[in-house]
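Examining the three-dimensional arrangement
The residues making up each chain are set out below.
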Amino acid sequence: MKKVGIVMGSDSDLPVIQKAVKVLRELDLSYEVHVFSAHRTPVEARDFALHARDNGIGVIIAAAGMAAHLAGAIAANTTLPVIGIPCKGPVLDGLDALLSTVQMPSGIPVATVGVNSGANAALLAAQILAVEDPVLAHSLMARRAAEASAVLEKDAGITARAEC
Ligand code: RP5
C-alpha cells in the first residue's frame with residue numbers, strides 16, 4: 001500500500017494536520033509528515049515532491065496558510081495527486097489561502113478541500129488510494145454507513161429536542 005505524504009508550510013499548521021492524521025490512523029493508512037515551505041525552504045519542498053513517488057508515496061496532502069503556494073509548488077514537481085488544504089491565518093478567515101491554493105493555472109491541478117479541512121483531505125487521499133484497494137474501499141463505505149446511522153439517530157430524536 002502506498003503512503004500518504006503530508007506537508008505543511010509551518011508547524012503552526014499542525015492542528016489542521018492532526019485532523020488529517022487522526023483519519024489516516026483510523027483507516028490504518030501509512031503516512032509521513034513534513035514541514036516544508038514554498039517560500040522559506042523551497043529547495044526542500046521541491047526535492048520532496050520530486051522524490052515522493054520513488055519514496056513510496058501515492059498521494060500528497062499539502063497544507064498552508066496566507067499566500068499559500070505550497071500545494072501548487074508541490075504539484076509543479078510531481079504527477080502524483082496533490083490535495084491542498086488552505087489554512088486559516090490571522091486575517092481574511094482563510095480566504096487568502098483558499099484562493100491561493102485553489103486557483104491553479106491549467107495543467108497543474110490541485111484538489112483543494114475547504115479551509116482547515118484536514119479530515120476531508122485525509123478522506124480524499126484514502127479514496128484515491130482505494131481506487132486500487134477494495135479493502136480500503138470497504139472501510140470507507142463502512143465509515144460512511146456509521147456516519148449515516150449517527151445522523152439518523154439524531155433525526156429520530158430531533159422533534160423532542162426542538163420542543164425543549
Ligand atoms: C504559511 O504561513 C504557513 O503555512 C502558515 O500557515 C503561515 C504562517 O506561518 P508561521 O509564521 O506561523 O510560521 O507559509
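Above this note sits the structure.
The structure presented is a predicted model; accordingly, all values stated were derived computationally and were not measured. (Residues numbered from 1 in each chain as written. Predicted model: local features only at pLDDT ≥ 70, side-chain atom pairs only at ≥ 80, totals over all residues. Heavy atoms only, no water.)

Some remarks on the packing of helix α5 (residues 118–130) against helix α6 (residues 134–162)
Put simply, the rule is: All axes are obtained by fitting lines to C-alpha atoms, using only the stretch in contact for helices, and the reported angles, taken between N-to-C directions, cover 0 to 180 degrees. Put simply, DSSP H or I for four residues or longer makes a helix, DSSP E for two residues or longer makes a strand, and each gets a number counted from the N terminus. The scheme is simple: roughly parallel for angles under 35 degrees, roughly antiparallel for over 145, roughly perpendicular for 65 to 115, oblique for anything else. Only heavy atoms matter for contacts: two residues are in contact if any of them lie within 4.5 Å across the pair.
Orientation of α5 relative to α6, taken along the N-to-C sense of each, is 140°, at an axis distance of 8 Å. In terms of their interaxial angle, α5 and α6 are classed as oblique. Contacts between α5 and α6 pair L123, A126, Q127, L129 and A130 from the former with P134, L136, A137, L140, R143 and R144 from the latter.

Here we look at the site of the ligand
Defined as follows: Summary of the distance rule: residues count as near a molecule or strand when at least one heavy atom falls within 4 Å of that molecule or strand. Throughout this description, a polar contact denotes any pair of N or O atoms lying within 3.5 Å of each other; where both atoms belong to protein, one of them has to be capable of donating a hydrogen while the other can accept it, and for residues adjacent in sequence the pair is counted only when both atoms sit in side chains. Accessible surface area values rest on a Shrake-Rupley calculation with a 1.4 Å probe, where residue burial reflects the displayed protein chains alone. Under the scheme applied, nonpolar residues are Ala, Val, Leu, Ile, Met, Phe, Trp, Tyr, Cys and Pro; charged residues are Asp, Glu, Lys and Arg; polar residues are all the others, including Gly.
Around the ligand, a shell composed of G9, S10, S12, D13, R40, A64, G65 and M66 is seen. Measuring from an oxygen atom of the ligand, one finds a side-chain N or O atom of S12 at 2.7 Å. A distance of 3.0 Å is found between an oxygen atom of the ligand and a backbone nitrogen or oxygen belonging to G65. Protein chains bury 70% of the 360 Å² of accessible surface belonging to the ligand in isolation. Of the residues that constitute the shell around the ligand, the class distribution is two nonpolar, four polar and two charged.

Let's talk about the packing of helix α1 (residues 14–26) against α5
Our working rule: Each crossing gets its hand from how the near helix is turned against the far one by less than a right angle, where anticlockwise is left-handed and clockwise is right-handed.
Packing of α1 against α5 leaves a shortest axis separation of 7 Å and a crossing angle of 40°. Classed by the angle they form, the pair α1 and α5 counts as oblique. The two elements α1 and α5 meet at a crossing, and its hand is right-handed. Of the residues in α5, those in contact with V16, K19, A20, V23 and L24 of α1 are G118, A119, A122 and L123.

Some thoughts on the sheet that holds strand β3 (residues 57–65)
Condition: DSSP bridges decide pairing: two strands pair if at least two such bridges lie between them.
Spatially, the five strands line up as an open sheet ordered β2-β1-β3-β4-β5, and their pairing is parallel. A strand with exactly one partner marks an edge of an open sheet, and here the two such strands are β2 (31–35) and β5 (111–112). The sheet contact formed by strand β1 (residues 3–8) and β2 spans five bridges and is parallel. In the strand pairing of β2, I6 is matched with V33. Across the sheet, α1 lies against β1, β2, β3 and β4 (82–87), angled at about 170° from β1, the strand it touches most. Contacts from α5 reach β1, β3, β4 and β5 within the one sheet, and its direction differs from that of β3 by about 160°.

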